[in-house]
Amino acid sequence: MSSKLESDVKSYSADKKKPNGGYGWIILLSISLNNFILVGCMYSLGILLKDVKNYFEISQKKANLLPSFNIGFMFLSGPLTSALAAQFGCRKVIMLSGLVHSTMYIISPLMPNFDLMLLSFGLIGGLSYGCTLLTGFVILVDYFDVKLGIANGIAVASSGLGSFALAPLSGFLIKNYGWKITMYIMGAVTFFCVLFAAFLKPLKNDQKTMIEMESLQNGKFKIRKKTGIANFLKEIFNFNLLKENKAYVCIVMSNFFIFFAYFIPFIYIPIRANDLGIENYSWIIGIIGMANIPIRVLFGFLCDRKFLRAIHMNRTKL
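Residues numbered from 1 in each chain as written. Predicted model: local features only at pLDDT ≥ 70, side-chain atom pairs only at ≥ 80, totals over all residues. Heavy atoms only, no water.

Draft legend 1. Representation of the side chain of Ser30 within the structure. By secondary structure assignment, the location of Ser30 is in helix 1 (residues 24-43). Ignoring anything within four residues of it in the chain, the contact list for Ser30 reads Phe196, Ala197 and Leu200. (Helix = DSSP H or I, 4+ residues; strand = E, 2+ residues; numbered from the N terminus. Contact = heavy atoms within 4.5 Å.)

Draft legend 2. Spotlight on the side chain of Thr182. Structurally, Thr182 is set in helix 9 (residues 179-190). Those residues in contact with Thr182 that sit more than four places away from it in its chain are Leu48, Ser170, Leu173 and Ile174.

Draft legend 3. Structural view of unusual backbone geometry. Not every positive phi belongs to a glycine, and Glu57 is a case in point at roughly 55°. The residue Glu57 is located in the loop between helix 2 (45-56) and helix 3 (60-63) in this model. Under the relative-accessibility criterion, Glu57 is labelled exposed at 74%. (Buried < 20%, exposed > 50% of the residue type's maximum accessible area, 1.4 Å probe, protein only.)

Draft legend 4. Here's a closer look at the state of the cysteines. Evaluated as defined, the whole model comprises zero disulfides. With no disulfide of its own, Cys193 lies closest to Cys41 among cysteine sulfurs, the gap being 7.9 Å. When its relative accessible area of 0% is taken as the criterion, Cys193 is described as buried. (Disulfide = S-S within 2.5 Å.)

Draft legend 5. Spotlight on the packing of aromatic side chains. Throughout the structure, instances matching the rule amount to nine aromatic pairs. A ring pair is formed by Tyr105 and Phe121, whose centres lie 4.9 Å apart and whose planes are at 70°; its orientation type is edge-to-face. A residue pair is termed long-range when its members are at least 10 positions apart, and Tyr105 in helix 6 (residues 90-107) and Phe121 in helix 7 (residues 114-143) qualify at 16 residues. Taking the relative accessible area as the measure of exposure, Tyr105 reaches 2% and is therefore buried. For Phe121, a relative accessible area of 1% gives the class buried. An angle of 70° between the planes, with centres 6.0 Å apart, marks the rings of Phe164 and Trp283 as edge-to-face. Here the residue Phe164 occupies a position in helix 8 (residues 148-177), and Trp283 occupies one in helix 15 (residues 282-291), the gap between them amounting to 119 residues. Taking the relative accessible area as the measure of exposure, Trp283 reaches 42% and is therefore partly exposed. An aromatic cluster is present here, built from Tyr55, Phe56, Phe114 and Trp179 joined pairwise through their rings. (Phe/Tyr/Trp six-rings, centres within 6.5 Å; stacked < 30°, edge-to-face > 60°.)

Draft legend 6. Expanded view of a nonpolar patch on the surface. Where nonpolar side chains cluster on the molecular surface, the patch consists of Leu96, Leu99, Val100, Leu116, Leu119, Ile124, Phe191, Phe192 and Leu195 and spans about 740 Å² of accessible area. Relative to the helices and strands, Ile124 resides in helix 7. With a relative accessible area of 36%, Ile124 lands in the partly exposed category. (Patch = residues over 30% accessible without salt bridge, like charges linked within 9 Å, V, L, I, M, F, W, Y side chains within 5 Å. Areas by Shrake-Rupley, 256 points an atom, 1.4 Å probe, with all protein chains shown as cover. Salt bridge = Lys/Arg side-chain N within 4 Å of Asp/Glu carboxyl O.)

Draft legend 7. View of the confidence of the model for the protein chain. Per-residue pLDDT for the protein chain averages 80, and the proportion of residues at 70 or more is 80%. pLDDT under 50 marks residues 206-218. Its contacts with residues more than four places away, or in other chains, come to 44 contacts. (pLDDT = per-residue confidence, 0-100.)

Draft legend 8. Representation of the packing of helix 8 against helix 15. With their axes 7 Å apart at the nearest point, helix 8 and helix 15 run at an angle of 175° to one another. Classed by the angle they form, the pair helix 8 and helix 15 counts as roughly antiparallel. Note on element contacts: helix 15 touches helix 8 through Ser282, Trp283, Ile285, Gly286, Ile287, Gly289 and Met290, opposite Gly160, Leu161, Ser163, Phe164, Ala167, Pro168 and Gly171. Across the contact of helix 8 with helix 15, the residue classes tally to eight nonpolar, six polar and no charged. (Axes fitted to C-alpha atoms, helices over the stretch in contact; angles between N-to-C directions. Parallel < 35°, antiparallel > 145°, perpendicular 65-115°, else oblique. Nonpolar A, V, L, I, M, F, W, Y, C, P; charged D, E, K, R; others polar.)

Next up, the structure:
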């Protein structure tokens, strides 16, 4: 055993066997329903901006900060999401963050000024949104490896279906009941993510066995478990993957530029449609979401068939 140790202290975790089916399909259904709601509501934020701008009497540029903060902090929550999932499990994280995210939808319209709304819905709502959405893809990795591509494809395709359903619904609600009632209803709908997360049963060997092996002076080894805080901080500040995997670094850099512009249409299409006098512009967002469903499922299927490496598929799409 000592020949495998490169230092006096070394950490390792137990391997997990992945079912690739069975209860994993229930997990996939739960995550897909969460994505349907979360991304569908997020794609609809641009429809609210005109009414938010008029209510707080602010400029359009400042109003655009609301979805920008929400989406930006959603992506920034990645390290936090990973650490929380590793420490407490995916089900607990999604249930708690889903509850917080739902609450932000409800209390944000009650804020007396736009700056406080940026804090509640932009910052807190964005972080809780990220923990709810991104954690779902963590648990998929626990249940799938051979069929991981198609599982991810189905999960992300459901977000397109969500935008097709919820964007027109948001337009209807705003037109008939106002933006505040619309956000209250979105908050109630988002609460279903908490219920769906209850089905995210962890595998029996889902919890990683993290230990430290410390060599003693007599040549023996002392085994001790790591503390929860140590694991949590290590997960947040673990950048080893960026150092060791150049392909992953390329994907990260590629995604930076992709998502730098990806969400702009969902914010500015409603604004531009209003300028052009188009009334049913919410359907434009719905159609965009619906159009990407077959492509996402197809690429997931091809990933499982090893038709191309994932990084080559990413380059082909670009």
